[in-house]
Protein chains: 2
Amino acid sequence: MLHMVYHYYKGRFSQSEIDVVTEIPFRIMVDGVELATMMCTPVKLRELALGFLAFERIIESMDDVVSVEVDEDESDAYVQLKKPLKIIERRIFTSGCGGGVTFHLDYHDYPPVRTERTLDPKTVPSLIQDLHDAAVLYHQSRGIHTAALSDGEKLIAVAEDVGRHNALDKLRGETLERGIDTRDHILISTGRISSDMLRKAARMNTPFVISRTSPTSLSIYVAKRLGITLIGYVRRDKFNVYSHPENLASRMEAVVERAWNSVSST
Amino acid sequence: MLHMVYHYYKGRFSQSEIDVVTEIPFRIMVDGVELATMMCTPVKLRELALGFLAFERIIESMDDVVSVEVDEDESDAYVQLKKPLKIIERRIFTSGCGGGVTFHLDYHDYPPVRTERTLDPKTVPSLIQDLHDAAVLYHQSRGIHTAALSDGEKLIAVAEDVGRHNALDKLRGETLERGIDTRDHILISTGRISSDMLRKAARMNTPFVISRTSPTSLSIYVAKRLGITLIGYVRRDKFNVYSHPENLASRMEAVVERAWNSVSST
């Protein structure tokens, strides 16, 4: 999915359209019952439904399946089984990369995050560097994600976990316990930015989300809708801005205007 | 957590102890009810429980919490709330990086994966290269994971998703539909190797799991227990073997023996 983004490089901004990975909610209905809804990339949805059922031991082979219909528009799968759906023993179990289980899918419940704060673009790469330096477990063993809260100058809290969602949850828990008001702060993560991360940012009222890696289409949509400045692909002297660049610096709008005009006129 | 691994470098093996990220199942009990069990890194467990509850809108602030006790040995959190636990509207929702929700936590149900097959170590980096070449969506937009099934020479099926778990599910679904017997095959992923991936490999009877990135402590434990050869950190001319190196090549055992002796004697 193509998105217009702002590229920052050595103090200057330019703009272009780039491809980002598409993320949608996909619902698996089995014999008329909603079994699971998962965020995914809308390719091979039929295979995703079947594989999920197989790994959950709901089916053993295609012999257990009467039919699978995928409604691409609604992004639902309707599965009919030969035998009645087995009873599920344990309700929830999040896993691995952070799993990220939630009981809600409620982007529309959130009011936009409003802020008077602006962020100096020059500080963005250094915040990612600070995050890297603060990652104790990462330097021991790799294979770990780090999340941090910053006031724009330094890191206030840092959490690590094998899962990027867990790292964010730990960060949230710590700010609650320490009584830190997260409003107007900056959320930083080593992990890819999917819609969940934006949901969590909205919940924390953080108007900036920064990651070393890429966002999904849905996270850009949610960021735009919620007034969050989404920054990704941060390197030593460059990064991409996916939404609300106007919060990036006091003179950002003028800079973008010029960049946009120069792109348009060529 | 320290683990003894075999390092492959340009056709030769050596052995050393390296640190891998610890992964445990962590159960959050609220007012005596099991709310969720998640795989995580055992650091800041109290914060993880509180942050999870906050993001799920079960608590708004610490004022809603009577007490939080973390039993580090059992890796359980016991939370007491002031008001009764709100009713959960939607049962399950997996998210973002692949979520990975499951109803089972059942490593002990699986019989060991047995194989007569051996894998030539020289082919390991080229399989990862094949995976990279096959990643269509990745090359468009980044921010995506790829999973593949190989017979040791070529890739038989490939799937991509924003979530590494979803990519594996799609791969499983495709092999079911195409009637491919996954037994004796090789599972390859771009994502980090957490215990879920080993659970899925066992379910597919694939005796080899290969990833460009690192495994967790629990995935190594499960791999050892289930007879799966776990390979990670694959680069152009090197990789690490975390379990069952004896399946790697016909003469692997002798090679390892020599490497081990040479390490021991220095």
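The structure we're discussing is the one just above.
Quick caveat: nothing in here was measured; it's all calculated off a predicted structure. (Residues numbered from 1 in each chain as written. Chains lettered and ligands numbered in written order. Predicted model: local features only at pLDDT ≥ 70, side-chain atom pairs only at ≥ 80, totals over all residues. Heavy atoms only, no water.)

> Help me out: how do you make sense of the layout of surface pockets in this one?
Where empty space is left can be seen by rolling a probe of water-molecule size over the atoms. Each pocket or cavity is described by its volume, and for the largest pocket that value is around 1,400 Å³. Secondary structure elements with two or more residues in the lining of the largest pocket: α2 (123-134) and β8 (145-150) of chain A together with α2 (123-134) and β8 (145-150) of chain B. Here the element with the most residues in the lining of the largest pocket is α2(A); it accounts for five residues. Of the residues assigned to the lining of the largest pocket, the class counts are 16 nonpolar, 17 polar and 11 charged. (1 Å grid on protein atoms, 1.4 Å probe; cavity = no way out; pocket = protein on both sides within 12 Å on 5 of 7 lines; lining within 4 Å. Points joined across faces, edges and corners; volume = space filled by probe spheres on them. Helix = DSSP H or I, 4+ residues; strand = E, 2+ residues; numbered from the N terminus. Nonpolar A, V, L, I, M, F, W, Y, C, P; charged D, E, K, R; others polar.)

> Any chance you could explain the pattern of salt bridges here in plain terms?
Side chains that differ in charge, positive against negative, can pair when their charged atoms come close. Throughout the structure, instances matching the rule amount to 20 salt bridges over all chains. Of the charged contacts in the structure, one is a salt bridge between Lys44(A) and Glu174(B), with a shortest N-O distance of 2.4 Å. Highlighted residues: Lys44(A) in the loop between β4 (33-40) and α1 (45-55) and Glu174(B) in helix α4 (residues 164-178), drawn from two different chains. Residue class for Lys44(A) comes out partly exposed when judged on its relative accessible area of 26%. Residue Arg199(A) is joined to Glu56(B) by a salt bridge in which the shortest nitrogen-to-oxygen separation is 3.8 Å. Of this pair, Arg199(A) sits in helix α5 (residues 195-204) while Glu56(B) is found in the loop between α1 (45-55) and β5 (65-71), placing the two residues in two different chains. Grouping residues by exposure puts Arg199(A) and Glu56(B) together as buried. One connected set of salt bridges, linked through shared partners, spans Arg27(A), Glu34(A) and Asp76(A). (Salt bridge = Lys/Arg side-chain N within 4 Å of Asp/Glu carboxyl O. Buried < 20%, exposed > 50% of the residue type's maximum accessible area, 1.4 Å probe, protein only.)

> Which parts of the structure should I look at to understand the packing of helix α5 (residues 195-204) of chain B against helix α6 (residues 217-226) of chain B?
How two helices sit against one another is set out by the angle between their axes and by the gap between those axes. Residue and element names in this part refer to chain B. Running from N to C, α5 and α6 cross one another at 20 degrees; their axes reach a closest spacing of 7 Å. Here α6 runs roughly parallel to α5, going by the angle between their axes. Judged by residue contacts, Ser-195, Leu-198 and Ala-202 of α5 engage Leu-218, Ser-219, Val-222, Ala-223 and Leu-226 from α6. Across the contact of α5 with α6, the residue classes break down as six nonpolar, two polar and no charged. (Axes fitted to C-alpha atoms, helices over the stretch in contact; angles between N-to-C directions. Parallel < 35°, antiparallel > 145°, perpendicular 65-115°, else oblique. Contact = heavy atoms within 4.5 Å.)

> Any chance you could explain the environment of Val20(A) here in plain terms?
As for its position among the elements, Val20(A) is in the loop between β2 (12-19) and β3 (24-30). Spatially, the C-alpha atoms of Val20(A) and Pro215(A) are 7.0 Å apart, while their sequence positions differ by 195 residues.

> For this particular structure, what's the right way to read α5(A)?
One full turn of an α-helix is made of 3.6 residues, so residues set three or four places apart face in the same direction. All names here are of chain A. Most of α5 sits inside the fold, with 10 of its 10 residues counted as buried. Listed as buried for α5 are Ser-195, Asp-196, Met-197, Leu-198, Arg-199, Lys-200, Ala-201, Ala-202, Arg-203 and Met-204. Once α5 finishes, Asn-205 follows within two positions and takes phi at roughly 60 degrees, a positive value.

> Teacher, can you tell me more about the packing of helix α4 (residues 164-178) of chain A against α1(B) here?
Packing of α4(A) against α1(B) brings their axes to within 6 Å, and their N-to-C directions diverge by 95 degrees. Here α4(A) lies roughly perpendicular to α1(B), going by the angle between them. Across the interface between the two elements, Asn166(A), Leu168(A), Asp169(A), Lys170(A), Arg172(A), Gly173(A), Glu174(A), Leu176(A) and Glu177(A) from α4(A) touch Arg46(B), Glu47(B), Leu48(B), Leu50(B), Gly51(B), Phe52(B), Ala54(B) and Phe55(B) from α1(B). Grouping the constituent residues of the contact of α4(A) with α1(B) by class yields seven nonpolar, three polar and seven charged.

> Looking at this structure, how should I read the sheet that holds β8(A)?
Backbone-to-backbone hydrogen bonds join strands into a sheet, with any given pair of strands oriented parallel or antiparallel. All names here are of chain A. One open sheet accounts for eight strands, arranged β2-β1-β13-β12-β11-β10-β8-β9; its pairing is mixed. Bordering the open sheet on either side are β2 and β9 (155-161), each of which pairs with just one other strand. Each strand of the sheet is rotated relative to its neighbour by a mean of 25 degrees, with strand direction disregarded. In this sheet, strand β13 (residues 238-241) lies alongside strand β12 (residues 229-232) in antiparallel orientation, the contact comprising two bridges. The residue bridging Gly-232 from the neighbouring strand is Asn-240, located in β13. (Pairing = 2+ DSSP bridges.)

> Can you walk me through unusual backbone geometry in this structure?
Glycine aside, residues mostly have negative phi angles, and peptide bonds mostly take the trans form. Located in the positive-phi region is Asp184(A), a residue other than glycine, with phi close to 70 degrees. Secondary-structure assignment places Asp184(A) in the loop between α4 and β10 (186-189). By relative accessible area, which is 29% here, Asp184(A) ends up partly exposed. Of note, Tyr233(B) is a non-glycine position whose phi angle comes to about 55 degrees, a positive value. Of note, Tyr233(B) is situated in the loop between β12 (229-232) and β13 (238-241).

> Explanation requested: the sheet that holds β13(B) in the structure shown.
All names here are of chain B. Strands sit in the order β2-β1-β13-β12-β11-β10-β8-β9 across an open sheet of eight strands; the sheet is mixed. Pairing within the sheet leaves two strands with one partner each, and these edge strands are β2 (12-19) and β9 (155-161). Going from strand to strand, the sheet's axes swing by 25 degrees on average, the running direction of each strand aside. Inspection of the sheet shows β8 paired to β9 by six bridges, in the antiparallel sense. Looking at β9, one finds that Thr-146 is bridged to Glu-160. Along the sheet, α2 contacts β8, β9, β10 (186-189), β11 (208-211), β12 and β13; its crossing angle with β9, the most-contacted strand, is approximately 55 degrees.

> I tried to follow the side chain of Thr229(B) on my own but got confused; where do I start?
Residue and element names in this part refer to chain B. Inspection of the secondary structure puts Thr-229 in strand β12. The class of Thr-229 is buried, set by a relative accessible area of 0%. At 2.8 Å, the side chain of Thr-229 forms a polar contact with the backbone oxygen of His-244. Contact partners of Thr-229, with chain neighbours within four places excluded, come to Pro-207, Phe-208, Val-209, Val-241, Ser-243, His-244, Asn-247 and Leu-248. (Polar contact = N/O pair within 3.5 Å; in protein donor to acceptor, adjacent residues only side chain to side chain.)

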